[in-house]
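# Coordinate analysis (summary)
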Amino acid sequence: MKRLVVFDLDGTLLNTIEDLAYAANHALRECGFPTHDVSAYPFFVGNGVGRLLERVLPPEHRDADTVGRIRRIFQEYYDKHLWEHTVPYPGIMDLLSELAGLKVKLAVASNKYQRAASDLIAHFFPRLPFEAVHGMRPGIPAKPDPSIVFNVLTNVPTPKSEVIYVGDSGVDMETARRACVDSVGVLWGFRPVTELRQYYAQHIISDPMELIPIVRKEY
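## Observations concerning the nonpolar core
Of all hydrophobic cores here, the largest spans 55 residues; its most connected members are Phe7, Leu13, Phe74, Leu99, Phe125 and Leu211. The element contributing the most residues to this core is helix H1 (residues 17–30), with 7 residues. Non-local contacts of phenylalanine 7, meaning those with residues more than four positions away in its chain, are made with Thr12, Leu13, Leu95, Leu96, Leu99, Leu106, Ala107, Val108, Ala109, Tyr165, Val166 and Leu211. Grouped together as the second largest cluster of nonpolar side chains are 15 residues, Ala107, Leu153, Val163 and Ala176 included.

Structure follows, in structure tokens:
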């Protein structure tokens, strides 16, 4: 049985895409750049705010100064609207409660910046016993570098054979592979099943409760 489940945040536990899109579009408008439809944003996100903002900018304006300027505007807006449109995916609360009841430890490893990741978990899951919530911090490389998972394991010492990483993207599956832990790709998030398969997801699920037998090895 798995003893620790490490979750990605955006696209896995929470549907954050509208608030991310509105914040990015606000920053683009403030700086005089064209905006994008919300439907385009699932393929912009996944590698942290810096990469998101590089992707939404016109190619000729992706220099460090412009990204830094638009990032400040984005973050100021996003911090004020973190959960205006964000919601947990259907079935997530039941899944987390079931895992907690099985005495499985819960953690988050996200490319979202640390303050936002911590605030979102505290807001949406205040009664659930998350052992560690790790977002992007200075000196910690973004996923798929496995350092963030190793940091979780420093806080929550667990044999890798008893750890599973759950996410919605190829970045997440590659993170799990590099960290040498099992992976589960979810189909309710931002990326298609083809991407999960391309990055060798060991399991793919379409309903949160399908994770329970994987954790319990009832498969």
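## Structural notes on the sheet that holds strand S6 (residues 163–167)
Spatially, S5-S4-S1-S6-S7-S8 is the arrangement adopted by the 6 strands of the open sheet, whose pairing is parallel. Looking at strand neighbours, the two that pair on one side only are strand S5 (130–136) and strand S8 (203–205), the edges of this open sheet. Here the strands of the sheet are splayed against their neighbours by 20 degrees on average, with no regard to which way each runs. Pairing geometry for strand S7 (residues 182–186) and S8, over 3 bridges, is parallel. Looking across to S8, one finds that valine 186 is bridged to isoleucine 205.

## What about the environment of asparagine 47?
You can see asparagine 47 is positioned in the loop between H1 and helix H2 (49–56). Remark: the alpha-carbon pair of asparagine 47 and aspartate 172, spanning 125 residues in sequence, is separated by 9.9 Å. Contacts of asparagine 47, omitting those with residues within four sequence positions, involve Arg55, Asn111, Met136, Ala142, Lys143 and Val171. Only 2.8 Å separates the side chain of asparagine 47 from the side chain of arginine 55, close enough to count as a polar contact.

## A word on the pattern of salt bridges
Applying the stated criterion across every chain yields a total of 10 salt bridges. Between aspartate 8 and lysine 143 there is a salt bridge; the shortest N-O distance is 3.0 Å. With a gap of 135 residues between them, aspartate 8 in the loop between strand S1 (4–7) and strand S2 (14–15) and lysine 143 in the loop between S5 and helix H6 (147–155) connect regions that are remote in the sequence. Take lysine 143: its relative accessible area is 2%, and that puts it in the buried class. Residues participating in the shared-partner salt-bridge network are Asp8, Lys143 and Asp172.

## With respect to the side chain of glutamine 114
Mapped onto the secondary structure, glutamine 114 falls in helix H5 (residues 114–124). With residues up to four places along the chain from it excluded, the contact list for glutamine 114 reads Val133, His134, Gly135, Met136 and Arg137.

## A closer look at the pairing of S6
Of all 5 residues in S6, 5 are buried; the element is thus mostly enclosed. Taken together, the 4 bridges between S1 and S6 define a ladder with parallel strand orientation. In the strand pairing of S6, valine 5 is matched with isoleucine 164.

## Quick word on helix H4 (residues 92–101)
Of the residues making up H4, those classed as buried are Ile92, Leu95, Leu96 and Leu99. Burial along H4 is one-sided: seen end-on, the buried residues are contained in an arc of 95 degrees. For H4, exposure combined with an orientation more than 90 degrees from the buried face picks out Asp94 and Gly101. In the core, the buried residues of H4 are packed alongside S1, strand S4 (105–113), S5 and helix H9 (211–215).

Each value, and the rule that gives it
- Residues numbered from 1 in each chain as written.
- Predicted model: local features only at pLDDT ≥ 70, side-chain atom pairs only at ≥ 80, totals over all residues.
- Heavy atoms only, no water.
- Core = buried A, V, L, I, M, F, W, Y, C linked by side-chain atoms within 4.5 Å.
- Buried < 20%, exposed > 50% of the residue type's maximum accessible area, 1.4 Å probe, protein only.
- Helix = DSSP H or I, 4+ residues; strand = E, 2+ residues; numbered from the N terminus.
- Contact = heavy atoms within 4.5 Å.
- Pairing = 2+ DSSP bridges.
- Axes fitted to C-alpha atoms, helices over the stretch in contact; angles between N-to-C directions.
- Polar contact = N/O pair within 3.5 Å; in protein donor to acceptor, adjacent residues only side chain to side chain.
- Salt bridge = Lys/Arg side-chain N within 4 Å of Asp/Glu carboxyl O.
- Arc of directions from axis to C-beta.

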